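Working through the structure, step by step
For reference, the chains in residue letters:
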Amino acid sequence: MKLITAIIKPYKLEDVRDALSSVGVLGLTVTQVKGFGRQKGHNELYRGAEYQVDFVPKIKLEIAVNTDRAEHVVETIVEAAKTNSIGDGKVFVTPIEQVVRIRTGETDHDAL
């Protein structure tokens, strides 16, 4: 099993969610986060004054999938979230050792 964590632009959330639904992803967790990468924030104008925004708003998605589906899910996220501009985000894939569904006690693949 794999945990796929994707950091994407907020306005791409619906596109990514729709794309993931179309490939059979049944659930995901979404968190609003802030951060920066190579873009190092940006300047904005507010009431005539320019100021530096150090942390850029992003969306963090977490999706648990069976190992054999992980690559296809990553490709789907990348295709749906890509804008070809700086700050598109990143996707991380990490192993999952155990999953337990709290309601039923099912474990591992059955819990996904």
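Our subject is the structure listed above.
It should be emphasised that the depicted structure is a prediction, and the values quoted were computed from it without experimental measurement. (Residues numbered from 1 in each chain as written. Predicted model: local features only at pLDDT ≥ 70, side-chain atom pairs only at ≥ 80, totals over all residues. Heavy atoms only, no water.)

Some details on the pairing of strand β1 (residues 2-8)
Bridge count for β1 against strand β5 (residues 56-65) is seven bridges, and the pairing is antiparallel. Bridging across to β5, Ala6 finds its partner in Leu61. Here seven bridges tie β1 to strand β6 (residues 89-95), and the two strands are oriented antiparallel to one another. Within β6, the residue paired with Leu3 across the bridge is Thr94. (Pairing = 2+ DSSP bridges. Helix = DSSP H or I, 4+ residues; strand = E, 2+ residues; numbered from the N terminus.)

Brief notes about the pattern of salt bridges
Summed over all chains, the structure comprises six salt bridges. Between Asp18 and Arg17 there is a salt bridge, with the nearest N and O atoms lying 3.7 Å from each other. Across the salt bridge formed by Lys60 and Glu62, the nearest N and O atoms sit 3.9 Å from each other. Salt bridges sharing common partners tie together Glu14, Arg17 and Asp18. (Salt bridge = Lys/Arg side-chain N within 4 Å of Asp/Glu carboxyl O.)

Looking at unusual backbone geometry
Positive phi values are uncommon outside glycine, yet Asn84 reaches one of about 65°. Note on placement: Asn84 falls in the loop between α2 (67-81) and β6. If you check the backbone angles, Asp108 has positive phi at about 50° while not being a glycine. Note that Asp108 resides in the segment after β6. Overall, the relative accessible area of 26% leaves Asp108 in the partly exposed class. (Buried < 20%, exposed > 50% of the residue type's maximum accessible area, 1.4 Å probe, protein only.)

Everything listed here is a matter of coordinates, which is why it stays silent on function.
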